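Fold and contact review
Residues per chain, in single letters:
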Amino acid sequence: QVRLVESGGVLVQPGGSLRLSCAASGFRFSSETMRWFRQAPGKERELVASIASVGEITTYADPVKDRFTISRDNHKNTVSLQMNSLKPEDTAVYYCNVRWAFMNYWGQGTQVTVSS
C-alpha cells in the first residue's frame, strides 16, 4: 500500500525559509521519480519540482527556480523541498506525489502560509 506523509508546513514571514519532508512507503522508492505539487485557494494544483530516480535530475517550475531545492534520501525513503526567499504567493497546500503502477498517489498535504 503506497503511503506518502508530508510534514513541515507552518506560518512563515516573507523572505523566510522552510523545509518540507515527505516520508514514502509501499513501493520501491529509489526507482521512482518524486514530485512536489502545490495548490493555492481557488487555483489548480500545480507542479513545483521533481527529482528523478536516475541521476537525481531535478526540474522546477519557473516561479520557484533558484529559490526551492528538491532532494531525496533513498536510504530513508524521503523527499524534501527546501524553500528559501518565500513570498506570499507561495502560500498553498503542498503535496508529495508519485506515479506508480499507472496511478497517481498523493499525501494529505501540508499547509504553508507566507504572511507578515
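Rules of the game
- Residues numbered from 1 in each chain as written.
- Predicted model: local features only at pLDDT ≥ 70, side-chain atom pairs only at ≥ 80, totals over all residues.
- Heavy atoms only, no water.
- Core = buried A, V, L, I, M, F, W, Y, C linked by side-chain atoms within 4.5 Å.
- Buried < 20%, exposed > 50% of the residue type's maximum accessible area, 1.4 Å probe, protein only.
- Helix = DSSP H or I, 4+ residues; strand = E, 2+ residues; numbered from the N terminus.
- Contact = heavy atoms within 4.5 Å.
- Pairing = 2+ DSSP bridges.
- Axes fitted to C-alpha atoms, helices over the stretch in contact; angles between N-to-C directions.
- Disulfide = S-S within 2.5 Å.

What follows concerns the nonpolar core. If you look at the biggest cluster of nonpolar residues, it comprises 28 residues, and the most contacted ones within it are Met34, Trp36, Val79, Leu81, Met83 and Tyr94. When residues of this core are traced back to their parent elements, those giving at least two are strand 3 (18–25), strand 4 (34–39), strand 5 (46–51), strand 7 (68–73), strand 8 (78–83), strand 9 (92–100) and strand 11 (110–114). In this structure Leu81 touches Leu18, Arg19, Leu20, Trp36, Val48, Ala49, Phe68, Thr69, Ile70 and Tyr94, once residues within four positions along its chain are discounted.

The four strands are arranged 1-3-8-7 in an open sheet whose pairing can be described as antiparallel. Looking at the sheet topology across the chains shown, the edges are occupied by strand 1 (3–7) and strand 7. The mean inter-strand angle of the sheet, taken between neighbouring strand axes irrespective of direction, is 15 degrees. Note: strand 1 against strand 3, five bridges, orientation antiparallel. By the bridge assignment, Val5 is partnered in strand 3 with Ala23.

Summed over all chains, the structure comprises one disulfide. With a sulfur-sulfur separation of 2.2 Å, Cys22 is cross-linked through a disulfide to Cys96. With the S-S dihedral at roughly -85 degrees, the linkage between Cys22 and Cys96 falls on the left-handed side. Pair noted here: Cys22 is in strand 3 and Cys96 is in strand 9, with a separation of 74 residues, a long-range link. With respect to class, Cys22 is no different from Cys96; both count as buried.

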